[in-house]
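# Tertiary structure, described
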Amino acid sequence: MVNNQFINTNNIRIDPSHLTSLIQNSAIVRLVSILGNTNLSVLELIECGLTTAEIDYAFSNSVIEYLRIPSINESKVQNLPLSYDTYYYSVRKQIKLTDLGLYILENITPTST
């Protein structure tokens, strides 16, 4: 399963016992299996049957993160301030697996021989 060495991901050392608990967590396994190498939004993850608590747990354990896409400064478009719902914006923003999430995915995916 998981060796007894610390894993370095994004300059964070992961304790093997914590990593094992993440790999044994069915919500984490389901989330990384759903995301894989794709990017989805929080809304799409909820549509896949995950709860906001499970998604928050994955965020707090650095399994997933928001995808950072360079964009223009939208607040300066046509010199008009933007008026959008911040909550709606955050749940539609794309999410991806972190290095830790990818490591978990690799360790739960059966290898073909």
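Description of the structure in this document. (Residues numbered from 1 in each chain as written. Predicted model: local features only at pLDDT ≥ 70, side-chain atom pairs only at ≥ 80, totals over all residues. Heavy atoms only, no water.)

### Quick notes on the nonpolar core
Ranked by internal contacts, the top residues of the largest apolar core, which has 22 residues, are Leu31, Val32, Leu35, Leu45, Val63, Ile64 and Ile104. Of all the elements in the fold, those that place two or more residues in this core are α1 (16-24), α2 (26-35), α3 (42-47), α4 (52-60), β5 (94-97) and α6 (99-108). Top element by residues in this core is α2. It accounts for 4 residues. Apart from the residues lying within four places of it in its own chain, the contact partners of Val32 are Val63, Leu97, Gly101, Ile104, Leu105 and Ile108. (Core = buried A, V, L, I, M, F, W, Y, C linked by side-chain atoms within 4.5 Å. Buried < 20%, exposed > 50% of the residue type's maximum accessible area, 1.4 Å probe, protein only. Helix = DSSP H or I, 4+ residues; strand = E, 2+ residues; numbered from the N terminus. Contact = heavy atoms within 4.5 Å.)

### Overview of the packing of α2 against α4
As a packed pair, α2 and α4 sit with axes 10 Å apart at the nearest point and diverge in direction by 85 degrees. By the angle between their axes, α2 is roughly perpendicular relative to α4. Contact residues: α2 offers Ala27, Ile28, Arg30 and Leu31, while α4 offers Glu54, Ile55, Tyr57 and Ala58. Partitioning the contact of α2 with α4 into residue classes produces 6 nonpolar, no polar and 2 charged. (Axes fitted to C-alpha atoms, helices over the stretch in contact; angles between N-to-C directions. Parallel < 35°, antiparallel > 145°, perpendicular 65-115°, else oblique. Nonpolar A, V, L, I, M, F, W, Y, C, P; charged D, E, K, R; others polar.)

### Some remarks on the side chain of Asn61
Of note, Asn61 is situated in the loop between α4 and β4 (64-66). For Asn61, a relative accessible area of 13% gives the class buried. Among the polar contacts made by the side chain of Asn61, one reaches the main-chain carbonyl oxygen of Tyr57 at a distance of 2.9 Å. (Polar contact = N/O pair within 3.5 Å; in protein donor to acceptor, adjacent residues only side chain to side chain.)

### Regarding the packing of aromatic side chains
Within this structure, the stated rule accounts for 1 aromatic pair. Between Phe59 and Tyr66, the aromatic rings sit 5.0 Å apart at their centres with planes inclined by 35 degrees, giving tilted as the arrangement. The exposure class assigned to Tyr66 is partly exposed, which follows from its relative accessible area of 26%. Taking the ring centre of Tyr66 as reference, the NZ or CZ of Lys93 above it sits at 4.9 Å. (Phe/Tyr/Trp six-rings, centres within 6.5 Å; stacked < 30°, edge-to-face > 60°. Lys NZ or Arg CZ within 6 Å of the ring centre and 35° of its normal.)

### Quick notes on the packing of α1 against α6
For the pair α1 and α6, interaxial distance at closest approach is 10 Å and the crossing angle is 65 degrees. Handedness of the α1/α6 crossing: right-handed. Residue-level contacts link Leu19, Leu22 and Ile23 of α1 to Leu100, Tyr103, Ile104, Asn107 and Ile108 of α6. Broken down by class, the residue content of the contact of α1 with α6 amounts to 7 nonpolar, 1 polar and no charged. (Left-handed = near helix turned anticlockwise from the far one by under 90°.)

### Points about the environment of Val42
Topologically, Val42 is positioned in helix α3. Residues Val42 and Thr52, spaced 10 residues apart in sequence, show a C-alpha to C-alpha distance of 8.1 Å.

### Here's the deal with the environment of Ile28
Its place among the elements puts Ile28 in helix α2. For the pair Ile28 and Ile55, spaced 27 residues apart in sequence, the C-alpha to C-alpha distance is 8.5 Å. Excluding residues that lie within four positions of it along the chain, Ile28 makes contacts with Leu22, Tyr57, Ala58, Val63 and Ile104.

### Here's the deal with the side chain of Ser41
With respect to the helices and strands, Ser41 occurs in strand β3 (residues 40-41). Here Ser41 is in contact with Val91, Arg92, Lys93, Gln94 and Ile95, once residues within four sequence places are set aside.

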